[in-house]
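# Chain and residue survey
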Amino acid sequence: MIFDSHAHYDDRKYDEDRHEVLSHLIDAGVERVVNISNGWEDMMRSLSLVEEYPFLYGTVGIHPCKVSDLNEDRMAEMKNLCRKEKVVAVGEIGLDYYWDQDAKEVQKDWFVRQLRMAKEENLPVVIHSRDASQDTFDIMKREHAGTTGGVIHCYSSSLEMAREYVKMGYFLGIGGVVTFKNSKVLKRVAAEIPLENILVETDCPYLAPTPHRGKRNTSAYLPLIIQEIADLRGTTPKEVEKVTYENACRLYRI
Ligand code: NI
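These figures come from a predicted structure and were not determined experimentally.

Conventions and cut-offs
- Residues numbered from 1 in each chain as written.
- Predicted model: local features only at pLDDT ≥ 70, side-chain atom pairs only at ≥ 80, totals over all residues.
- Heavy atoms only, no water.
- Phe/Tyr/Trp six-rings, centres within 6.5 Å; stacked < 30°, edge-to-face > 60°.
- Helix = DSSP H or I, 4+ residues; strand = E, 2+ residues; numbered from the N terminus.
- Buried < 20%, exposed > 50% of the residue type's maximum accessible area, 1.4 Å probe, protein only.
- Lys NZ or Arg CZ within 6 Å of the ring centre and 35° of its normal.
- Donors = N, O, S within 2.8 Å, 3.2 Å for Na, K, Ca; no water.
- Tetrahedral: all angles 85-135°; square planar, octahedral: opposite > 155°, others 65-115°.
- Expected span 1.5 Å × (residues − 1).
- Contact = heavy atoms within 4.5 Å.
- Axes fitted to C-alpha atoms, helices over the stretch in contact; angles between N-to-C directions.
- Left-handed = near helix turned anticlockwise from the far one by under 90°.
- Nonpolar A, V, L, I, M, F, W, Y, C, P; charged D, E, K, R; others polar.

### Things to note about the packing of aromatic side chains
- Taken as a whole, this structure holds seven aromatic pairs when the rule is applied.
- Consider the rings of F137 and Y165, whose centres lie 5.3 Å apart with planes at 85°: the pair is edge-to-face. Of this pair, F137 sits in helix α5 (residues 133–142) while Y165 is found in helix α6 (residues 159–167), placing the two residues 28 residues apart along the sequence.
- For F137, a relative accessible area of 9% corresponds to the buried category.
- By way of ring pairs, the aromatic residues F3, Y245 and Y252 are connected into one cluster.
- Lying across the ring of Y57, K86 places its NZ or CZ 5.3 Å from the centre.
- Between the NZ or CZ atom of R213 and the centre of the ring of F180, over which it lies, the distance is 3.6 Å.

### With respect to the coordination of the nickel ion
- On the protein side, the nickel ion has H6 (NE2), H8 (NE2), E92 (OE) and D203 (OD) as donor atoms, found 2.1 to 2.3 Å from it.
- With four donor atoms in place around the nickel ion and angles of 85 to 172° between them, the coordination shape is irregular.
- In primary sequence terms, the donor set of the nickel ion follows H-x1-H-x83-E-x110-D. In this pair, H8 sits in the loop between β1 (2–7) and α1 (18–23) while E92 sits in strand β4 (residues 87–96), placing the two residues 84 residues apart along the sequence.
- Taking the relative accessible area as the measure of exposure, H8 reaches 7% and is therefore buried.
- The class of E92 is buried, set by a relative accessible area of 2%.

### Section: helix α4 (residues 104–121)
- With 18 residues, α4 extends 26 Å from end C-alpha to end C-alpha; this agrees with the ideal 26 Å at 1.5 Å per step.
- Buried positions along α4 lie against β3 (56–60), α3 (72–81), β4, β5 (125–130) and α5.

### Looking at the packing of α6 against helix α7 (residues 184–192)
- Where α6 contacts α7, the axes come no closer than 9 Å and their chain directions differ by 35°. When you trace α6 past α7, the crossing you get is right-handed. Of the residues in α7, those touching α6 at L159, A162 and R163 are V185, R188, V189 and E192.
- Its residues assigned to classes, the contact of α6 with α7 shows four nonpolar, no polar and three charged.

Encoded structure:
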């Protein structure tokens, strides 16, 4: 049983064949998927999509590159949406200095606001952090983000930082990037962090694993990621599959 902890099936790239893709995931052993919110419109599409499929779960939250979608009314609306039955986390929220250099302070404000919302609504968080490793960590420490728990999705920082997040009780989301030849640091992280702190994810439609790199990704490629993690750790894919499934159920309280 495979649990995809991070996907975006509301994305336009699935408009032609969404039902076809989703209804065949079970053939690859994928039993549960959390569909992660991005911008405001994406979030609304995602929340209606998860109503259509029993194995899909949803999140509420706005991506750091989309925080211009937010205002006070929408914050209030999000708080209500957090209470929907299939909503299992707040995210993806965080900081992204790669795509958005100018709006650092604005991003930080909305990141803090959404972290606090997660705490108030008693939900774990899904963190997006790109080229903003230290600022993300500092804010999470200051806001006591350890109390909600969560996952650092598509983990891309150092082994030392990974250990700090493990100390906070966080999970690290590992996806297609771990199969890329040049991902030396991530391969070490995947080998050395306790398996109890690892989740597998696709971030599909993006970040397809080798040998599908550059193509549209789906959860059906997760066995390739699980195999890579198992090889790096000297264990079996079965073990990685089982433990990461249990981890995701624990985090998302499913
Ligand atoms: Ni994502």
